[in-house]
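Below, each chain spelled out in residue letters.
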Amino acid sequence: MADEAVNAGSAPEPVQRELYSNIDKIEPDGRIENQGNGTDIAGSTKRKINEEDAPATVSKRQKGVASIKAEYLVQPTGNRGVARRGAEGDDEAEGADDRYRGDRNSRDNRQGQGGKGNKRDKKNNKQKGQNTSRTFGSSYDKIQLCNTRALYPEFSPKECPFGDRCRMEHDLRKYLEKGKREDLTTFGGKCPVYESRGVCTLGWKCRFAGSHSEERETEDGRKELVLTEDAERKAAAEISTAAEDEVGVVNVVPKEAKINLSKRKTGTPRSDAYLQWVNANSDDLRSRFDNKKKLAIGKEDTEKEDKDDNRAQYTEPPFLPSEKRRLYYGPETPVLAPLTTQGNLPFRRLCVELGAQVTWSEMAMGLPLIQGEKGEWALMKAHESEIRPPTFLQKNTVVQGYDNTKDLKFGVQIAANKPWLACKTVEVLTALCPSIRAIDLNCGCPINLVCEQGSGSALLDNGGKLENILRGMNYVSNETPITVKIRMGTKDNQPTAQKLVKRLVLGGYEAIEAGKGTSGVAAITLHGRSKQQRYTRSADWGYIADCAALINRLKRERSVQTDTIREADPRDLANDGHVYFVGNGDCYSHVDYFSHLENAKVDSVMVARGALIKPWIFEEISAGQYLDKSATERLSYVEKFAKYGLQTWGSDEMGIGTTRRFLLEWLSFACRYVPVGLLEHLPPNIQDRAPAFKGRDELETLMSSENYKDWIKISEMFLGPAHPNFRFEPKHKSNAYEIEAEG
Ligand SMILES: Cc1cc2nc3c(=O)[nH]c(=O)nc-3n(C[C@H](O)[C@H](O)[C@H](O)COP(=O)(O)O)c2cc1C
């Protein structure tokens, strides 16, 4: 939060000065033009800062339409009508229920095939054209090689415990000849896993096995197939050949830990003690409220007596929340949003490379986590680049005690509907995952399956419960800060976030009465839409600005209060009492980013779809200018994703299938990018639909295609021909298909 004097500004020089002084001019090369309403900065916080208001210069800017230069329009003289998909499909992308049907990016659970989903969601979604039961086919070898052969030399395999009963193939040469498809020639024919680790953990099953195997002559003159290793690289990667080791990946939870959770052998002593205390004191609380009622009906004489009684019954909590690691959000820390399905490790790794300073895991459900489900725990994995500290230029309010060297980028988002579940989830998470910046509670998820259980957006309508959940998380999280992500409210035109923010910063009435302290959150992120609104209209940055102003005021009031009434216990006040406030919604360029910082006075901005459509948005933010990426550059990001995908999910047939599936998920967003060089008006608006257009070269045209067959073609440039049984269904039915995989 831009508290008084310390907010020095944001964008790197010299663009920053221009942005703030004259937000009216930006051209594709970074100069500013026509941003509009930049002069309203000092005015009311209720101002509109969306682009609809921007005056047009070239030709009149049409609301909701990305105006493309005439020479790139496919029918330049005829119908300029909207031909491409807009943001309406994003509801399906965010809300598709296949996420909760085993569709997880675990190496152990890689195919993403799920069950059938919930009936009610199906009915609702049918009307919206959403694909409810997506399937992704399967990508298996024709003949399955027994694991006792996969990692060993031809003549010295491991003994198969199933003996003659084993249905897998044991003849290595037969498998290599007839059981698997030919080696891939992409990435120079070199296995991306071997290249980074000096050894490939998939051995003969790898589709690049030729690059790490050879035929050797044995002493008795026979020819033996053996796998090779690069000892130097392997030593550098400090790994063994154990299949579970993952190089450059953190928060890999051991199998035994998950088994212990599933067998309920893992204790949660802090949560148990805390919850016991909460239960014991709930009677006390109840009687306090009874006192209030008595007061109301005029029995004032009993007030003091009853209060004294209650105080005698009240027991102190078993422990106080530990002091938390301090957080920092500033203009130099653009945030990549939590993105179910899309925000997988390879995508986050790419975004970090392009400048994202804070990343979030996909939302993980509390219950499967405490039950030890491996798919859910796989979501906690982060790339080593995500555990390096975020950039820190001290451009914003810096909390006393903040230590950038101890900070990291990667945080984990969870969903939980009850204090007990949230506490236990946080306790096991902090015990098993050492590399977590903060734990965020999702209060924005609109999916019926989640809300019906009282999680996600449902918590917005139950402030007391939400506060209790957060307070509990804060008690048991040791030094890990707790944060929360909310929406404006559940219903359209009835925003409740301000009330909620007040409760979360100061503590609700009943909490203040009971002397419980605040919720303890270190940061609040507000997505400027209601649950009901979804993506149909633009995010309301005016409302976000109002909330930012409110938080600032509350913090000031609270610091006066704590100065005069009592000395604050640092353990009660996360982040030294400074609640950071992050705005979220529709950020699609550095211009959006910096104008939100300046106008709405948020500490930082979270980017979701903008990053999916153009991950280099983070680079634009740090450069303070538009980057007109060529199609070749954009393709190089696809290549990186493919490489990172193979390193994450494996380079065998199955890993390639998983990588392809998640690459296509990403391309379903990336194809929406309209190169800035083709646009008549800037800044681009994420809500705008583009008419049909062609690119500046064939590759650019291909990369803009909304046709699934073209996405497959792009994937095949790096992952080879799709497996005959591979299927992909986009989240919106308008583009549904079942592919006839070529090859
Ligand atoms: C595909 C997709 C998946 C999402 N998954 C999550 C999620 O897991 N947790 C969450 O809090 N928000 C999720 N969101 C919401 C975004 O984090 C973000 O709040 C929203 O998209 C608004 O930001 P934007 O306008 O920049 O896209 C998701 C959104 C999309 C499009």
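Cut-offs applied
Residues numbered from 1 in each chain as written. Predicted model: local features only at pLDDT ≥ 70, side-chain atom pairs only at ≥ 80, totals over all residues. Heavy atoms only, no water. UniProt positions renumbered as here; feature names shortened; annotations may be inferred. Helix = DSSP H or I, 4+ residues; strand = E, 2+ residues; numbered from the N terminus. Contact = heavy atoms within 4.5 Å. Areas by Shrake-Rupley, 256 points an atom, 1.4 Å probe, with all protein chains shown as cover. Near = heavy atom within 4 Å. Polar contact = N/O pair within 3.5 Å; in protein donor to acceptor, adjacent residues only side chain to side chain. Phe/Tyr/Trp six-rings, centres within 6.5 Å; stacked < 30°, edge-to-face > 60°. Lys NZ or Arg CZ within 6 Å of the ring centre and 35° of its normal. Expected span 1.5 Å × (residues − 1). Buried < 20%, exposed > 50% of the residue type's maximum accessible area, 1.4 Å probe, protein only. Axes fitted to C-alpha atoms, helices over the stretch in contact; angles between N-to-C directions. Parallel < 35°, antiparallel > 145°, perpendicular 65-115°, else oblique. Left-handed = near helix turned anticlockwise from the far one by under 90°. Nonpolar A, V, L, I, M, F, W, Y, C, P; charged D, E, K, R; others polar. Core = buried A, V, L, I, M, F, W, Y, C linked by side-chain atoms within 4.5 Å. Domains from an automatic or database assignment. Salt bridge = Lys/Arg side-chain N within 4 Å of Asp/Glu carboxyl O. Pairing = 2+ DSSP bridges. Right-handed = clockwise from strand over helix to strand, strands pointing away.

Within an unreviewed UniProt entry, the label attached to the protein chain reads tRNA-dihydrouridine(47) synthase [NAD(P)(+)], and the organism entered is Clohesyomyces aquaticus. Here the protein chain is described in UniProt, under the heading Sequence similarities (unreviewed entry), as follows: "Belongs to the dus family. Dus3 subfamily." As its UniProt record puts it under Cofactor (unreviewed entry), the protein chain is described as follows: "FMN".

Student: Give me the lowdown on the overall build of the protein chain, citing residues and values where you can.
Tutor: The secondary structure content of the protein chain amounts to 26 helices and 15 strands. Partitioning the contacts of the protein chain with sequence separation of at least 6, the portion at a separation of at least 24 is 74%. Only carbon and sulfur atoms are counted for the fraction: they give 49% of the accessible area of the protein chain, which is about 30,500 Å².

Student: Account for the site of the ligand, with residues named and values stated.
Tutor: Lining the immediate surroundings of the ligand are 20 residues, of which Thr340, Tyr535, Asn584, Asp586 and Arg609 lie closest. Pro338 has a polar backbone atom sitting 3.1 Å from an oxygen atom of the ligand. Take Met363: an N or O atom from its main chain is 3.4 Å from an oxygen atom of the ligand. Protein contact buries 99% of the 600 Å² of open area that the ligand shows by itself. When residues of the shell around the ligand are traced back to their parent elements, those giving at least two are helix 2 (90–95) and strand 13 (523–530).

Student: Tell me what's going on with the UniProt feature "zinc finger region: C3H1-type" (unreviewed entry) in the protein chain, and back it up with residues and numbers.
Tutor: UniProt marks residues 140–173 with the feature "zinc finger region: C3H1-type" (unreviewed entry), using the numbering shown here. Annotation note: span residues 140–173, helix share 18%, strand share 0%, distance between end C-alpha atoms 18 Å.

Student: Could you give an account of the packing of aromatic side chains, naming the residues involved and the relevant values?
Tutor: According to the stated counting rule, one finds 17 aromatic pairs in the structure shown. Each residue in the set Tyr328, Tyr329, Phe392, Tyr402 and Tyr580 is aromatic and connected to the rest through ring pairs, giving one cluster. Here the guanidinium or amino end of Arg222 rests over the ring plane of Phe155, the centre of that ring lying 4.1 Å away. In this structure, Arg437 is placed above the aromatic ring of Tyr329, and the distance from its NZ or CZ to the ring centre is 5.1 Å.

Student: Describe unusual backbone geometry, listing the residues and the values that go with them.
Tutor: Between Leu682 and Pro683 the backbone carries a cis peptide bond, its omega angle lying at 0 degrees. Residue placement: Pro683 occurs in the loop between helix 24 (653–670) and helix 25 (698–703). In the Ramachandran plot, Thr341 falls in the positive-phi region, its phi being about 70 degrees despite a non-glycine side chain. Considering the arrangement of structural elements, one finds Thr341 in the loop between strand 6 (335–336) and helix 11 (345–353). Of note in this structure, Asp586 is not a glycine but carries a positive phi near 70 degrees.

Student: Before we move on, could you go through helix 23 (residues 631–649) and cite the residues and values that matter?
Tutor: Across its 19 residues, helix 23 extends 26 Å between first and last C-alpha, which sits within 8% of the 27 Å expected from 1.5 Å per residue. Where helix 23 terminates, the next one or two residues include Gly650, which has phi positive at roughly 105 degrees.

Student: Kindly report on the side chain of Asn474, identifying the contributing residues and their values.
Tutor: Positionally, Asn474 belongs in helix 16 (residues 463–476). Owing to a relative accessible area of 3%, Asn474 belongs among the buried residues under this scheme. The residues contacting Asn474, other than those within four sequence positions of it, are Pro321, Lys324, Ile482, Ser519 and Gly520.

Student: Outline the packing of helix 11 against helix 23, supporting the account with residue identities and numerical values.
Tutor: Viewed as axis vectors pointing N to C, helix 11 and helix 23 meet at an angle of 135 degrees, and their least axial separation amounts to 8 Å. Relative to helix 23, the element helix 11 is oriented oblique. Judged by the sense of rotation from one axis to the other, the crossing of helix 11 with helix 23 is right-handed. Contacts between helix 11 and helix 23 pair Leu345, Pro346, Phe347, Arg349, Leu350 and Glu353 from the former with Tyr637, Lys640, Phe641, Tyr644, Gly645, Gln647, Thr648 and Trp649 from the latter. Residue composition of the contact of helix 11 with helix 23, by class: 8 nonpolar, 3 polar and 3 charged.

Student: Got a sec to walk through the nonpolar core? Specific residues and values, please.
Tutor: Grouped together as the largest cluster of nonpolar side chains are 156 residues, with contacts concentrated most on Leu429, Leu441, Met473, Ile486, Ile524 and Trp666. In terms of residue count, the dominant contributor to this core is helix 19 (residues 541–564) (9 residues). Per-domain counts for this core show at least three residues from each of domain 1 (147–255) and domain 2 (269–313). Those residues within four positions of Leu429 in sequence are excluded, and the remaining contacts are Leu369, Trp377, Met380, Val412, Ile414, Ile436 and Ile439.

Student: Hey, could you go over the pattern of salt bridges for me, with residue numbers and the actual values?
Tutor: Within the structure shown, the criterion is met by 32 salt bridges. With a shortest N-O distance of 3.0 Å, Lys424 and Asp272 are connected by a salt bridge. Taken together, the residues span a long stretch of sequence, with Lys424 in helix 14 (residues 419–432) and Asp272 in helix 9 (residues 269–296) at a distance of 152 residues. Between Lys640 and Glu353 there is a salt bridge whose closest N-O contact spans 2.7 Å. Taken together, the residues span a long stretch of sequence, with Lys640 in helix 23 and Glu353 in helix 11 at a distance of 287 residues. Residue classification places Lys640 among the partly exposed positions, given a relative accessible area of 32%. Look at Glu353 and you get partly exposed, because its relative accessible area is 42%. Each of Glu154, Arg173 and Glu215 takes part in one network of salt bridges that share partners.

Student: Quick one: what's the story with the pairing of strand 14 (residues 580–584), residue by residue and with numbers?
Tutor: Side-chain positions along a regular strand alternate between the two faces of the sheet. Most of strand 14 sits out of view: 5 of its 5 residues are buried. Across the two faces of strand 14 the burial is the same, with Tyr580, Val582 and Asn584 and Phe581 and Gly583 all buried. Of the pairings in the sheet, the one linking strand 14 to strand 15 (residues 604–607) comprises 3 bridges and is parallel in character. For Asn584, the partnering residue across the bridge sits in strand 15 and is Met606. At this point the chain moves from strand 14, through helix 20 (residues 590–600), to the parallel strand 15, and the crossover so formed is right-handed.

Student: Can you break down the side chain of Ser651 residue by residue, with the values?
Tutor: Here Ser651 lies in the loop between helix 23 and helix 24. Look at Ser651 and you get buried, because its relative accessible area is 0%. Excluding residues within four positions of it along the chain, Ser651 makes contact with Cys191, Val193, Cys200, Leu202, Cys206, Arg207, Phe208, Leu646 and Ile656.

Student: An account of helix 20 is requested, with residue identities and associated values reported.
Tutor: Burial analysis of helix 20 places 10 of its 11 residues in the buried class, the great majority of the element. Every buried residue belonging to helix 20 is among His590, Val591, Asp592, Tyr593, Phe594, Ser595, His596, Leu597, Asn599 and Ala600, and all of these are buried. After helix 20 finishes, the residue Lys601 shows a positive phi value of roughly 60 degrees.

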